Amino acid sequence: MQMMRLRKVRSVTFTLVGLCILGSPIRLTAQCWGEASAAVARTNGGYVTGDGIRHVTYSIPSGWGSEIRAAIEAAVNDWNSKTSTTKVQFEPFQPGFPNANSAASFQFEMGGTGMNCGGYVAGDGQRLRLHSNLISAAGQYSGQVAQVIGHELGHTMNLGESTDVGSIMTVPGYVDCNSNAISSFPGTSPSQNDANNAAGCINQIVQQGAQYNGGEQSTTEWPLCECWEYVRYIYAYVANGQGGYSLYVLDRIVLDSGCGTPPY
Amino acid sequence: MRHSIFALVVAVIVVGAAEPLFHFTVTAQQGQRLVPGRSAAEDAEIRRRRDDAYNKGGFKAAAAITGSYVVAMSGQHGNNATSLAFLTTHSPVIVVGNVVSNRTWLNASGNEITTDYEIFVEQSLKGAYRAGDSLTMSVIGGKVGFEDGSWAEVRVNNLVPPFTGERYVLFLRPTASNPGPEQRKAARGPILSPSFQALSLYKLMNGAVSPKAFTKHPLAVAYGGKPERRLLDDVLSIVEDEKEHPTR
């Protein structure tokens, strides 16, 4: 019986790690996720303000209950407490604000075929999937569930897996919500070192994307009637796995702004 | 390893080969080495071989020479529509639409790279489309990869491309490109293209118009930063006038 349980735990561990690997070509030995599709690398759904803060937006299915929402909020608040370092602010998506975005930077959704619990970020970087068992566990193990979500939020900032003790990006030994094993989770929140690593990985993904897979161009836009912004777009082509590429915005930087006749 | 390959190829800017095909002005990159450390004579020889390969076998053949082939061109050149009336009457399809997704393609002739955008039609101002329809807008520029790992890219300078999630007024016509069967199959009906490159794209932000044309172009001066309602009303007025005076 004990052996069967051990096998089950190993199986779950393997499954969870395996699913994380889907979106993490660089892992364990590297700190960055390495995907140009990381949510923070796209301003689709988000925006960058003049203070350099990258606002990454998320949406939650309307049917999700208050407990999982609270866990998401806790994980978001943990990371947002590090905004001064990461220059990233997670916030709920508001249609049409501050521009014409029609969808969030990424959306939470239920998923995870083949896994018992846990979560992962899909390869396109636009979906953060939580297993139904994890969602169900949010009431009893709110801190632990928030840790799993915080780990996945790290991926949206291009953070990869880590083996550093105390890092939220360390792959848990296992996540088994059915056997109460999740109760052994430390409920770690992002450390300052995680935030420092995130800042580096964000910078890396933006720079790499522009340098190797796309480009940057500046233009004048009018985000409001009679008032202009001179902005620089940094963008990249991301392979879609079918021989083609899709174009993503990595950054929109406001270089100058004013009202009336634009000088550029 | 991947980075070193990228570092090797990122410096590659090839110019001159595609101007007659794309009707764009190719921007010269004088003095830029194809590979750092290589002599100007060696560069010239590679350029010649690659241009020759392009003329014979398109982007795939050209990319095979060094692993990549990048063409840079201006998206603002050659805009000859100086009035909204001209732009409207020469565009059989005009819509307000949202960019839903995009994907790059190599055309059937192998000598043109485009990015196809799926557009969700919010409002039709002219043509057969209706609100709620989807259409495909094909815009010059993009990147494609080949089986041998090589790739080719067309960079359109001076024109920030449309991005997913953005909202536009679009002036369109049937594409003059030669889409391949896969590209046609993936398209939402007939493939359309901007009627007059940058002049055909008007981004809408919070009710204000952001033309893609240079800010000093008459149409950009007329509608840049103005309420989108003004642009839409003017287009609808011209379309109505066109119906009443079809031979104008």
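No experiment lies behind these values; they were computed from the predicted model shown.

## Thoughts on the overall build of chain A
Link 1 in the chain: Counting secondary structure elements, chain A contains 6 helices and 9 strands.
Link 2 in the chain: Here chain A, with 264 residues, has 54% of them falling under the buried criterion.
Link 3 in the chain: Taking as baseline every contact in chain A between residues at least 6 positions apart, the subset at least 24 positions apart corresponds to 62%.
Link 4 in the chain: A total of about 10,900 Å² of accessible surface is found on chain A, and carbon and sulfur atoms cover 51% of it.

## Some points on the state of the cysteines
Residue and element names in this part refer to chain A.
Link 1 in the chain: All chains considered together, the criterion is met by 1 disulfide over all chains.
Link 2 in the chain: Counting only cysteine sulfurs, Cys 227 is the nearest neighbor of Cys 225, a cysteine outside any disulfide, at a range of 8.8 Å.
Link 3 in the chain: Its relative accessible area of 31% is what places Cys 225 among the partly exposed residues.

## Description of the pattern of salt bridges
Link 1 in the chain: A full pass over the atoms with the stated rule returns 15 salt bridges over all chains.
Link 2 in the chain: Of the charged contacts, one joins Arg188(B) and Glu118(B) as a salt bridge, the two residues approaching to 3.2 Å between their closest N and O atoms. In this pair, Arg188(B) is assigned in the loop between helix H5 (181-186) and strand S9 (191-194) and Glu118(B) in strand S4 (residues 113-126), connecting sequence segments 70 residues apart.
Link 3 in the chain: Given the relative accessible area of 42%, Arg188(B) is considered partly exposed.
Link 4 in the chain: The class for Glu118(B) is buried, based on a relative accessible area of 17%.
Link 5 in the chain: Three or more residues are tied together by salt bridges with common partners; here these are Glu221(A), Glu229(A), Arg252(A), Glu166(B) and Lys203(B).

## Description of the side chain of Ser167(A)
Residues and elements named next belong to chain A.
Link 1 in the chain: Structurally, Ser 167 is set in the loop between helix H5 (142-156) and helix H6 (192-213).
Link 2 in the chain: Of the polar contacts made by the side chain of Ser 167, one reaches the side chain of Asp 194; its length is 2.6 Å.
Link 3 in the chain: Look past the residues within four positions of Ser 167 in its chain and what remains in contact with it is Ser 162 and Asp 194.

## Brief notes about the nonpolar core
Link 1 in the chain: In terms of nonpolar packing, the biggest core is built from 41 residues, with Ile68(A), Phe90(A), Phe106(A), Phe108(A), Leu130(A), Ile149(A) and Leu153(A) touching the most fellow members.
Link 2 in the chain: Among the elements of the structure, strand S2 (54-59), helix H2 (66-80), strand S3 (88-92), strand S4 (106-110), strand S6 (127-130), helix H4 (132-136), H5 and H6 of chain A are those that each provide at least two residues to this core.
Link 3 in the chain: Membership of the second largest hydrophobic core comes to 24 residues, among which are Tyr235(A), Val160(B), Tyr168(B) and Leu192(B).

## Topic: the confidence of the model for chain B
Residue and element names in this part refer to chain B.
Link 1 in the chain: Within chain B, residue pLDDT values average 82, and 82% of them lie at 70 or more.
Link 2 in the chain: Strand S8 (residues 167-174) holds the highest mean pLDDT among the elements of chain B, 97, whereas helix H2 (residues 19-22) holds the lowest, 25.
Link 3 in the chain: This stretch, residues 1-36, has a pLDDT under 50; its non-local contacts, to residues over four places away or in other chains, come to 85 contacts.
Link 4 in the chain: Interface confidence for the predicted complex, given as ipTM, is 0.81, next to a pTM of 0.61.

## Considering the environment of Phe86(B)
All names here are of chain B.
Link 1 in the chain: Secondary-structure assignment places Phe 86 in helix H4 (residues 84-89).
Link 2 in the chain: Looking at Phe 86, the relative accessible area reads 31%, which means it is partly exposed.
Link 3 in the chain: A sequence separation of 152 residues divides Phe 86 from Ile 238, and the C-alpha atoms of the two residues are 9.5 Å apart.
Link 4 in the chain: Once residues lying within four places of it in the same chain are set aside, the contact partners of Phe 86 are Asn 80, Ala 81 and Phe 196.

## Description of empty space enclosed by the protein
Link 1 in the chain: Per the stated rule, a full pass over the model turns up 6 cavities of 30 Å³ or more.
Link 2 in the chain: By volume, the second largest cavity amounts to about 140 Å³.
Link 3 in the chain: Taken together, 17 residues make up the lining of the second largest cavity; nearest its centre are Tyr237(A), Ile140(B), Gly141(B), Val156(B) and Pro161(B).
Link 4 in the chain: When residues of the lining of the second largest cavity are traced back to their parent elements, those giving at least two are strand S8 (227-239) of chain A together with S4, strand S5 (134-140) and strand S7 (151-157) of chain B.
Link 5 in the chain: Of all the elements, S7(B) adds the most residues to the lining of the second largest cavity, at 4 residues.

## Observations concerning helix H7 (residues 228-244) of chain B
Residues and elements named next belong to chain B.
Link 1 in the chain: In this model H7 runs 25 Å from its N-terminal to its C-terminal C-alpha over 17 residues, within 8% of the 24 Å that 1.5 Å per residue would give.
Link 2 in the chain: Of all the positions in H7, only Glu 228, Leu 231, Leu 232, Val 235, Ile 238, Val 239 and Glu 242 are classed as buried. Each buried residue of H7 lies within a common arc of 130° when the element is viewed along its axis, so the set occupies one face.

## Here we look at the packing of H2(A) against H5(A)
Residues and elements named next belong to chain A.
Link 1 in the chain: Where H2 meets H5, the axes come as close as 8 Å, and the angle between the chain directions of the two elements is 55°. Considered as vectors, H2 and H5 are oriented oblique to each other. H5 is crossed by H2, and the crossing has right-handed handedness. Between H2 and H5, the contacting residues are Ile 68, Ala 71, Ile 72, Ala 74, Ala 75, Val 76 and Trp 79 on the first element and Ser 142, Val 145, Ala 146, Ile 149, Gly 150, Leu 153 and Gly 154 on the second.
Link 2 in the chain: Among the residues forming the contact of H2 with H5, the class breakdown is 11 nonpolar, 3 polar and no charged.

## Some words on the confidence of the model for chain A
Interpretation of the predicted coordinates at a detailed level should be avoided for regions scoring low in pLDDT.
Residue and element names in this part refer to chain A.
Link 1 in the chain: Here chain A shows a mean pLDDT of 76. Residues at 70 or above account for 69%.
Link 2 in the chain: Here helix H1 (residues 2-22) is the element of chain A with the lowest mean pLDDT, 30, and H2 is the one with the highest, 97.
Link 3 in the chain: Confidence over residues 1-30 falls short of pLDDT 50; this stretch has 42 contacts with residues more than four positions distant or in other chains.

## Focus on the pairing of strand S11 (residues 208-211) of chain B
Residue and element names in this part refer to chain B.
Link 1 in the chain: Neither face of S11 is exposed, since Ala 208 and Ser 210 on one face and Val 209 and Pro 211 on the opposite face are all buried.
Link 2 in the chain: Of the strand pairs in this sheet, strand S10 (residues 201-205) and S11 are connected by 4 bridges, and their pairing is antiparallel. Bridging across to S11, Met 205 finds its partner in Ala 208.
Link 3 in the chain: Counting the residues in the hairpin turn of S10 and S11 gives 2 residues, including Asn 206, whose phi is positive at 50°.

## Re H5(A)
Residues and elements named next belong to chain A.
Link 1 in the chain: Compared with an ideal rise of 1.5 Å per residue, which puts 15 residues at 21 Å, H5 spans 21 Å between its outermost C-alpha atoms and is within 8% of the ideal.
Link 2 in the chain: Most of H5 is tucked away: 13 of the 15 residues are buried.
Link 3 in the chain: Backbone geometry just downstream of H5 places Asn 158 in the positive-phi region, at approximately 75°.

What counts and what doesn't
- Residues numbered from 1 in each chain as written.
- Chains lettered and ligands numbered in written order.
- Predicted model: local features only at pLDDT ≥ 70, side-chain atom pairs only at ≥ 80, totals over all residues.
- Heavy atoms only, no water.
- Helix = DSSP H or I, 4+ residues; strand = E, 2+ residues; numbered from the N terminus.
- Buried < 20%, exposed > 50% of the residue type's maximum accessible area, 1.4 Å probe, protein only.
- Contact = heavy atoms within 4.5 Å.
- Areas by Shrake-Rupley, 256 points an atom, 1.4 Å probe, with all protein chains shown as cover.
- Disulfide = S-S within 2.5 Å.
- Salt bridge = Lys/Arg side-chain N within 4 Å of Asp/Glu carboxyl O.
- Polar contact = N/O pair within 3.5 Å; in protein donor to acceptor, adjacent residues only side chain to side chain.
- Core = buried A, V, L, I, M, F, W, Y, C linked by side-chain atoms within 4.5 Å.
- pLDDT = per-residue confidence, 0-100.
- 1 Å grid on protein atoms, 1.4 Å probe; cavity = no way out; pocket = protein on both sides within 12 Å on 5 of 7 lines; lining within 4 Å.
- Points joined across faces, edges and corners; volume = space filled by probe spheres on them.
- Expected span 1.5 Å × (residues − 1).
- Arc of directions from axis to C-beta.
- Axes fitted to C-alpha atoms, helices over the stretch in contact; angles between N-to-C directions.
- Parallel < 35°, antiparallel > 145°, perpendicular 65-115°, else oblique.
- Left-handed = near helix turned anticlockwise from the far one by under 90°.
- Nonpolar A, V, L, I, M, F, W, Y, C, P; charged D, E, K, R; others polar.
- Pairing = 2+ DSSP bridges.

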